[in-house]
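Listed below, chain by chain, are the residues.
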Amino acid sequence: MDFKKELAAILFELLDQEISAAELEQLIEKPKNTSHGDLAFPCFTLAKLKRKSPNMIAQELSEKIQSTIFEQTEVVGAYLNLFLNKKLVSEKVISEIVAQTNHFGAHEFGGGGNVTIDMSSPNIAKPFSMGHLRSTVIGNSLALIVEKCGYKPIKINHLGDWGTQFGKLITAYKLWGDVEKVKQNPIKELLALYIKFHDVAESDPSLEDQGRGWFKRLEDGDEEALMLWQWFRDESLKEFSRIYELMNVQFDSYAGEAFYNDKMDRVVRLLEEQQLLVESDQAQVVELTEEQLPPCLIKKSDGATLYATRDLAAALYRKENYNFAKSLYVVGHEQSLHFKQLIAVLSKMGYTWAETMVHVPFGMMLKDGKKMSTRKGKVVLLEEVLTESITMARHNIEEKNPNLENKDEVAKQVGVGAVIFHDLKNNRMNDIEFSLEEMLRFEGETGPYVQYTFARACSILRKGNWQEDVPPVDFHTAWEKEWKVISMLIEFPNAIQRACANLDPSQVAKYVVDLSQAFNKYYTQVKVLEESAEQPARLALVYCVTVVLKEGLRLLGVEAPEEM
Ligand code: ARG
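Attention in this report is confined to the structure presented alongside it. All figures in this text were calculated on a predicted structure; none of them were measured in a lab. (Residues numbered from 1 in each chain as written. Predicted model: local features only at pLDDT ≥ 70, side-chain atom pairs only at ≥ 80, totals over all residues. Heavy atoms only, no water.)

**Considering the overall build of the chain**
Across its full length, the chain carries 21 helices and 13 strands. For the chain, the C-alpha atoms occupy an extent of roughly 85 × 65 × 40 Å along the three principal directions. With 564 residues in all, the chain has 53% of them scored as buried. In the chain, once contacts between residues fewer than 6 apart in sequence are set aside, the share between residues at least 24 apart is 72%. Here the chain displays about 26,200 Å² of accessible surface, and carbon together with sulfur accounts for 48% of that area. If the 65 positive side-chain charges of the chain are averaged to one point and the 83 negative ones to another, these points end up 2 Å apart. (Helix = DSSP H or I, 4+ residues; strand = E, 2+ residues; numbered from the N terminus. Buried < 20%, exposed > 50% of the residue type's maximum accessible area, 1.4 Å probe, protein only. Contact = heavy atoms within 4.5 Å. Areas by Shrake-Rupley, 256 points an atom, 1.4 Å probe, with all protein chains shown as cover. Lys, Arg positive; Asp, Glu negative; His and termini not counted. Charge placed at Lys NZ, Arg CZ, Asp CG, Glu CD.)

Here it is, written out as structure tokens:
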């Protein structure tokens with residue numbers, strides 16, 4: 001049902017195969033204003049090639065074109081505008097969706113290739129930040145989108161569970177820690193210890209030495225150090241898991257930074273063998289002058305490895321174990337330099353697959369225009385945000401639909417969905433302003449708005465007694481009023497393809513908002529439930545809207561309750 005492609009094929013023949021169908025497809029436009037047709041072909045490029053006026057070419061094509069899919073053509077200046085045959089196309093798209101249900105919109109261009117997605121990746125003993133929320137939400141949606149396009153996603157939580165900060169944390173715990181307190185509220189308590197360490201170290205620099213000492217013991221495999229580290233990690237993970245459960249996100253791997261401890265010697269050896277490692281300021285670095293990047297730090301003077309070293313080891317490990325077709329890193333844009341360096345070093349090592357690694361950056365979450373920061377205890381704890389959102393959704397339900405059966409379940413779907421949708425509806429590079437009121441609105445571009453539209457469509461189907469196994473419906477009308485909704489349905493596969501190509505879930509989020517708007521408008525204009533010859537076909541259309549809205553929301557990681 002790719003009409004651009006079909007038109008390109010037709011033009012290809014009409015133009016005596018002079019320009020490739022792929023090139024023609026690139027030229028075809030979709031007019032913003034549907035009164036200019038469903039597709040438009042500008043003839044400027046051809047005019048140059050054929051040394052004729054673009055208007056003349058448009059005229060010629062318009063006379064020659066013969067196809068059942070287009071019911072009308074029109075020449076406006078250099079443009080050939082084409083109008084789809086509404087009846088034929090409507091029948092086609094509806095029967096396709098009815099037959100394919102939630103598989104509608106799928107692509108196969110992924111060819112089963114693996115896509116590793118480095119996502120979420122919070123740091124142990126630190127709060128789960130808004131940046132980690134964004135990474136989780138965007139990464140999860142990208143996994144669903146690439147899967148829909150025929151790839152196999154592998155979601156990896158690259159936990160920040162190693163580094164000098166654990167030496168400091170152990171020092172602080174040994175000095176001031178309390179088992180019970182940590183057990184009761186692990187992250188809050190561990191963060192407090194960490195902050196205290198820095199406060200005290202300002203007047204007592206010997207603390208830093210102790211911290212380094214404990215980290216050294218940790219790296220050397222000291223039993224007590226390892227035990228404490230493991231305990232901090234377990235307790236932190238328990239807290240993170242609650243958030244993942246709320247958001248319904250699972251991972252294929254929790255191999256964090258520590259996982260690569262025994263895999264870094266090899267990286268250093270490989271770099272040495274290729275004579276890429278040089279001494280600089282007593283540290284071992286890879287120079288990246290040709291790439292116009294600062295040197296990549298591999299090993300500190302005391303032999304300690306770094307974040308970048310672990311990421312090099314992780315990249316090799318992932319290539320060898322998953323043989324990825326693409327490797328995505330969903331991490332805030334403030335780490336752009338790090339990923340440029342990472343990819344540059346791997347390219348220097350001769351790994352051509354480094355080109356298939358993509359940093360997928362995103363903007364910040366702001367509160368009143370300022371960055372939300374976790375430092376100095378000024379934290380907005382994510383779990384609180386989610387529970388607050390669920391509570392507010394629960395209030396809304398109580399007001400609007402007090403007799404709803406599974407209120408708690410729906411409140412969770414709406415509350416969490418609102419947070420996720422708010423994150424995904426804008427291009428991921430934009431900073432977003434955090435506002436629960438905004439997220440939970442039932443009007444405008446929000447998750448609840450789309451969910452509500454879905455629920456409303458479901459209720460129409462219930463009232464109309466729609467059965468999924470009805471025989472193919474008869475399409476009597478010319479489908480004028482339905483056309484806006486139909487033409488939106490046709491767009492679903494394209495929206496998914498764009499989201500995959502640009503690694504941008506907002507393409508799907510915007511799409512479901514547009515479809516919802518088109519549907520709501522239609523619903524106010526046409527009495528779908530009224531007895532008429534068109535009723536079965538109209539119910540089929542409503543059904544198709546529910547299928548596509550539900551699937552679109554699913555691709556964002558948002559659930560769709562049938563009543564709310
Ligand atoms: N833990 C890091 C942070 O919170 C993010 C890790 C991103 N992934 C990676 N492979 N470097 O900043």
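After that view of the structure, there is still more to cover.
**Concerning the side chain of R134**
Structurally, the position occupied by R134 is in helix 6 (residues 130-148). Of the polar contacts made by the side chain of R134, one reaches the backbone oxygen of N430; its length is 3.3 Å. Excluding anything up to four places from it in sequence, R134 contacts G139, F362, G363, M364, M365, D423, R428, N430 and I432. (Polar contact = N/O pair within 3.5 Å; in protein donor to acceptor, adjacent residues only side chain to side chain.)

**Observations concerning the pattern of salt bridges**
The full count for this structure, using the stated rule, is 31 salt bridges. The closest approach of N and O atoms between R217 and E224, which form a salt bridge, is 3.9 Å. Note on E224: relative accessible area 31%, which makes it partly exposed. Between E235 and K238 there is a salt bridge, and its shortest N-O distance comes to 3.4 Å. Note that E235 and K238 are positioned in helix 11 (residues 223-247) at a spacing of 3 residues, about one turn of the helix. On the basis of relative accessible area, E235 is assigned to the buried category, the value being 9%. Salt bridges here are not isolated pairs; linked through shared partners, they connect K174, R217, D222 and E224. (Salt bridge = Lys/Arg side-chain N within 4 Å of Asp/Glu carboxyl O.)

**Focus: the site of the ligand**
The environment of the ligand is formed by D118, S121, N123, H132, H158, Y307, D311, Y329, V331, Q335 and F339. A distance of 2.7 Å separates a nitrogen atom of the ligand from a polar side-chain atom of N123. Within the contact set of the ligand, an oxygen atom lies 2.9 Å away from a side-chain nitrogen or oxygen of Q335. Calculation on the ligand without its partners gives an accessible area of 350 Å², and the protein chains cover 88% of this total. Its residues assigned to classes, the shell around the ligand comprises 4 nonpolar, 5 polar and 2 charged. (Near = heavy atom within 4 Å. Nonpolar A, V, L, I, M, F, W, Y, C, P; charged D, E, K, R; others polar.)

**Brief notes about the pairing of strand 2 (residues 70-76)**
Taken residue by residue, a regular strand's side chains alternate between the two faces of the sheet. Sheet analysis places strand 2 next to strand 3 (residues 79-84), joined by 6 bridges and oriented antiparallel. Note that in strand 3 the partner of T73 across the bridge is L82. Here strand 2 folds back onto strand 3, and the loop between the two strands holds 2 residues, one of which, G77, carries a positive phi near 60°. (Pairing = 2+ DSSP bridges.)

**Side note on the environment of V76**
Summarising the element assignment, V76 is placed in strand 2. Separated by 171 residues in sequence, V76 and M247 have C-alpha atoms that sit 51 Å apart.

**Digging into the sheet that holds strand 12 (residues 370-371)**
In spatial order, the strands read 12-11-13; together these 3 strands make up an open sheet with mixed pairing. On the outer flanks of this sheet lie strand 12 and strand 13 (432-433), each paired with one strand and no other.

**Examining the packing of aromatic side chains**
Tallying each qualifying case throughout the model produces 21 aromatic pairs. Measuring from centroid to centroid gives 5.0 Å for F259 and Y260, while their planes differ by 90°, and the two rings are edge-to-face. Residue classification places F259 among the partly exposed positions, given a relative accessible area of 33%. A relative accessible area of 1% places Y260 in the buried class. Of the aromatic side chains, those joined through ring pairs into one cluster are F128, F240, Y244, F251 and Y254. (Phe/Tyr/Trp six-rings, centres within 6.5 Å; stacked < 30°, edge-to-face > 60°.)

**Describing the nonpolar core**
F41, L61, L133, F232 and L489 are the most contacted members of the largest nonpolar core, which has 156 residues in total. In terms of residue count, the dominant contributor to this core is helix 21 (residues 535-556) (14 residues). Excluding residues within four positions of it along the chain, L133 makes contact with F128, M247, M365, L382, V419 and D423. M264, L271, L277 and C296 belong to the second largest nonpolar core, which has 33 residues in total. (Core = buried A, V, L, I, M, F, W, Y, C linked by side-chain atoms within 4.5 Å.)

**Things to note about the sheet that holds strand 10 (residues 357-360)**
Strand pairing in a sheet takes place through backbone hydrogen bonds and is either antiparallel or parallel in direction. As summarised here, the arrangement of the 4 strands in space is 5-4-9-10, forming an open sheet in which the pairing is parallel. Because the sheet does not close on itself, it has two edges, and the strands there are strand 5 (152-156) and strand 10. Direction aside, neighbouring strands of the sheet carry axes that sit 20° apart on average. As judged from the 4 bridges shared by strand 9 (residues 326-330) and strand 10, these two strands associate in the parallel manner. (Axes fitted to C-alpha atoms, helices over the stretch in contact; angles between N-to-C directions.)

**Details of the environment of Q413**
Here Q413 shows up in helix 16 (residues 407-424). By relative accessible area, which is 12% here, Q413 ends up buried. Spatially, the C-alpha atom of Q413 lies 20 Å from that of M130, the residues being 283 residues apart in sequence. When sequence neighbours within four positions are dropped, the list of residues in contact with Q413 reads Q451, E559 and P561.

By themselves, these figures tell us nothing about what the structure is for.
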